[in-house]
Every structure is written in structure tokens, then in C-alpha cells.
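The chain contents come next:
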Amino acid sequence: MYELNFVTDMVEEQLAKGNLRWLANFNEIRRDYAIGDVAFPIYASGSLQERGFFLSRIFSAIVTPKYKIHFLLHTSPEINPKFLRKLIISCKNKFGADDWIFLSLVQSQPFEEAVKEAVTSTTDKTVGVAAYSLASKETVTSNNVLGKGLAKQ
């Protein structure tokens, strides 16, 4: 359990420092954010809009889409496919249809084949899933742009 708390603290630090800025410009970070009956240790929201100099903001307002971005981290000793589906459905119901959702999962046990298949078979283009096992040091991502982008971090 100590490792999972350490991962949560590290991700929060990376968000606060702006190291995940390539995903979005996060302007809100919360701890222990609840969606339904599931509590996420880290939740961050933001957008793709730039906050730089005046010309950068003008260019960003004209060119960049106005998607809302949600980053959620969930840590657990073990994740099963049924729980993963529940997480995705809860997030889709909570946030808008055009919002991008980055769902990052960390578990302390090695992955089961059913979990790997559930993560890789996520086909929703607005939900990116990346799962990491602390025991096997293995990363599994959804086969879409958001999932593969999240795995880079």
C-alpha cells in the first residue's frame, strides 16, 4: 500500500510542476475525487488552450480545439475487467460527450490476461486508458491516440 501512496504523491508532484503539460494545461488538481462510489486519489482538469504570452493565447484561441481534459489516477492492489468497465462508464456519465478522459490505473499485483485484454480493447476515442503494474513493471494501454499518449508519461 505504501508504494501506491508514493505513486499518488509522485503524480501529484508532476502535475503541480507542469510536467504533464503536453497532455493539457491543468488548472485544477484535486485529491480523493469521488465519481459515484469510486474515489480517485488524483483528479486534474484543464484544457488545450495556451496560457502563455498574448500572441500565443490569440493563436491558441483560433487554432486549438476547446476540448475539456480530465486526468484521473486510480490506485488499487488489483483491478479486474468489471471494475475497469465501471470506471469508464462512470467517467463518461460524469463528464461531457466531447471531453477527453485520461484514465491512469496503477496496481500492485501483476496483470491478469483479462485485464490486459479489457484495457487494450477500449475503443472509445475520448477515453485513454493506461495501466501499470508495480509487481511486473508492465504497462498496458488502450489502442487509441489518448491511451498511447498517456503511456509516454
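Residues numbered from 1 in each chain as written. Predicted model: local features only at pLDDT ≥ 70, side-chain atom pairs only at ≥ 80, totals over all residues. Heavy atoms only, no water.

A. Local environment of the pairing of strand 2 (residues 38-47). A large share of strand 2 lies buried, amounting to eight of its 10 residues. Sheet topology note: the strand 2/strand 3 (residues 68-76) ladder contains six bridges and is antiparallel. From the neighbouring strand, Ile42 faces strand 3, where its bridge partner is Leu73. (Buried < 20%, exposed > 50% of the residue type's maximum accessible area, 1.4 Å probe, protein only. Helix = DSSP H or I, 4+ residues; strand = E, 2+ residues; numbered from the N terminus. Pairing = 2+ DSSP bridges.)

B. Local environment of a nonpolar patch on the surface. On the surface, Tyr2, Phe6 and Met10 cluster together to form a nonpolar patch covering roughly 370 Å² of accessible area. Assignment of secondary structure puts Tyr2 in helix 1 (residues 2-17). (Patch = residues over 30% accessible without salt bridge, like charges linked within 9 Å, V, L, I, M, F, W, Y side chains within 5 Å. Areas by Shrake-Rupley, 256 points an atom, 1.4 Å probe, with all protein chains shown as cover. Salt bridge = Lys/Arg side-chain N within 4 Å of Asp/Glu carboxyl O.)

C. The packing of aromatic side chains, seen in detail. In this structure the tally under the stated criterion is two aromatic pairs. Aromatic side chains Tyr33 and Tyr43 sit 4.1 Å apart centroid to centroid with 15° between the ring planes, which places their arrangement in the stacked category. With a gap of 10 residues between them, Tyr33 in strand 1 (residues 25-35) and Tyr43 in strand 2 connect regions that are remote in the sequence. No difference in accessibility class separates Tyr33 from Tyr43, as the two residues are buried. Seen in terms of ring centroids, Tyr43 and Phe95 are 5.9 Å apart; in terms of plane orientation they differ by 5°. Their pairing is stacked. You can see Tyr43 sitting in strand 2 and its partner Phe95 sitting in the loop between helix 3 (81-94) and strand 4 (100-107), a full 52 residues away along the chain. Its relative accessible area of 5% is what places Tyr43 among the buried residues. Every member of this aromatic cluster is reached through a ring pair, and the members are Tyr33, Tyr43 and Phe95. (Phe/Tyr/Trp six-rings, centres within 6.5 Å; stacked < 30°, edge-to-face > 60°.)

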